[in-house]
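Each chain, written out:
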Amino acid sequence: MMRGQEQAPAPLADASRLRIAIIVARFNAFVTDRLRDGAVAALREAGAAESAIEIFPVPGAFEIPQAARAAAETGRFDAVVCLGCLIRGDTPHFDYIAAAAAQGITAAAGDTGVPMAFGVLTTNTTEQAVERAGEGRDNKGREAAAAAIEMATLYRALASTQSRPSGFRV
Ligand code: DLZ
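Described in the following lines is the structure provided in the data block. (Residues numbered from 1 in each chain as written. Predicted model: local features only at pLDDT ≥ 70, side-chain atom pairs only at ≥ 80, totals over all residues. Heavy atoms only, no water.)

Moving on to the packing of helix H1 (residues 29–45) against helix H5 (residues 140–159). Any two packed helices are characterised by how steeply their axes cross, that is the angle between the axes, and by the distance between the axes. It is at 6 Å that the axes of H1 and H5 come closest, and there the two elements cross at 40°. What the angle tells us is that H1 and H5 run oblique. In terms of crossing hand, the pair formed by H1 and H5 is right-handed. Contacts from Leu35, Gly38, Ala39, Ala42, Leu43 and Glu45 of H1 reach H5 at Lys140, Gly141, Arg142, Ala145 and Ile149. Looking at the contact of H1 with H5 residue by residue, the class counts come to six nonpolar, two polar and three charged. (Axes fitted to C-alpha atoms, helices over the stretch in contact; angles between N-to-C directions. Helix = DSSP H or I, 4+ residues; strand = E, 2+ residues; numbered from the N terminus. Parallel < 35°, antiparallel > 145°, perpendicular 65-115°, else oblique. Left-handed = near helix turned anticlockwise from the far one by under 90°. Contact = heavy atoms within 4.5 Å. Nonpolar A, V, L, I, M, F, W, Y, C, P; charged D, E, K, R; others polar.)

Okay, structure coming up:
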């Protein structure tokens, strides 16, 4: 996608009353550590308390949905941020694991009712992965954290009897 077609990131919503779990794969840690740091920085910037951010490392992207589901089922979190990095090689593992991660996270979010953000990079090269885990705003971990905050805030508002928002009408 060309740069100009990308949407400007929405400002971070308030996360001061949210509890967020971060599930991060250790595979390709040179990238996923940076995704984790980007996510944590965004949550802090949005006002999340240090004690409200819990990080759960897992071996690889395949295990992310399992841990995300388990974290959500504790009832302790308003949202889950899922972080991993798959770099396409000569192995068909890439497609299997990418599909398992995406479908597993989707199913876990649907089944548990806890919103989950997808910060799993799927790239052709190491360079592309590093580019998406950069400093500041060029970091998909940050984007995933922003999505998690927005979705947790929406779910909370929809569940509230006092401030239930209406969707836009056409
Ligand atoms: C096995 C494997 C391979 C080949 N590639 C990756 C990868 O690029 N990114 C990643 O997060 N994990 C990879 N894994 C590990 C699997 O996700 C999983 O941890 C193992 O198959 C053990 O279940």
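So, next bit.
What follows covers the pattern of salt bridges. Taken as a whole and assessed by the stated rule, the structure comprises ten salt bridges. Here Glu54 makes a salt bridge to Arg19, at a shortest N to O gap of 2.9 Å. Of this pair, Glu54 sits in strand E2 (residues 53–58) while Arg19 sits in the segment before strand E1 (20–25), and the two are 35 residues apart along the sequence. In this structure, Arg88 engages Asp95 in a salt bridge whose closest nitrogen and oxygen atoms are separated by 3.5 Å. On the basis of relative accessibility, which here comes to 39%, the residue Arg88 falls in the partly exposed class. Put simply, Arg19, Glu54 and Arg76 are held in one network by salt bridges that share partners. (Salt bridge = Lys/Arg side-chain N within 4 Å of Asp/Glu carboxyl O. Buried < 20%, exposed > 50% of the residue type's maximum accessible area, 1.4 Å probe, protein only.)

This part covers the packing of helix H2 (residues 64–73) against helix H3 (residues 93–112). The contact between H2 and H3 brings their axes to 8 Å, and the two run at 15°. Taken together, the axes of H2 and H3 are roughly parallel relative to one another. Relative to H3, the crossing made by H2 is right-handed. Of H3, the residues touching H2 (which contributes Ile64, Pro65, Arg69, Ala72 and Glu73) are Ala100, Ala101, Gly104, Ile105, Ala107, Ala108, Asp111 and Thr112. Here the residues of the contact of H2 with H3 sort into eight nonpolar, two polar and three charged.

So, on to the side chain of Thr32. The residue Thr32 is located in helix H1 in this model. Setting aside residues no more than four positions away along its own chain, Thr32 makes contact with Val24, Ala25, Arg26, Phe27, Gly84 and Cys85.

Right, let's get into the pairing of strand E3 (residues 79–87). Of all the nine residues making up E3, eight are buried; the element is thus mostly covered by neighbouring parts of the structure. Looking at chain direction, E3 and strand E4 (residues 116–123) are connected through eight bridges and run parallel. Residue pairing across strands places Leu86 opposite Thr122, the latter belonging to E4. (Pairing = 2+ DSSP bridges.)

A few words now on H2. Of all the residues in H2, the buried ones are Ile64, Pro65, Ala67, Ala68, Ala71 and Ala72. Axial view of H2: buried residues confined to an arc of 165°, hence all on one face. In this structure, the buried residues of H2 make contact with E1, E2, E3, H3 and E4. (Arc of directions from axis to C-beta.)

The next point concerns the sheet that holds E3. Hydrogen bonds along the backbone pair up the strands of a sheet, which may run parallel or antiparallel. Strand order in the open sheet formed by four strands is E2-E1-E3-E4, and the pairing between neighbours is parallel. The open sheet is flanked by E2 and E4, the only strands paired with a single partner. On average, each strand axis in the sheet is inclined to that of its neighbour by 15°, with strand direction left out of account. Pairing of E1 with E3 involves five bridges; the strand directions are parallel. Across the sheet, residue Ile22 finds its bridge partner in E3, namely Val81. On top of the sheet, H1 reaches E1, E2, E3 and E4; it is set at about 155° to E3, its chief contact.

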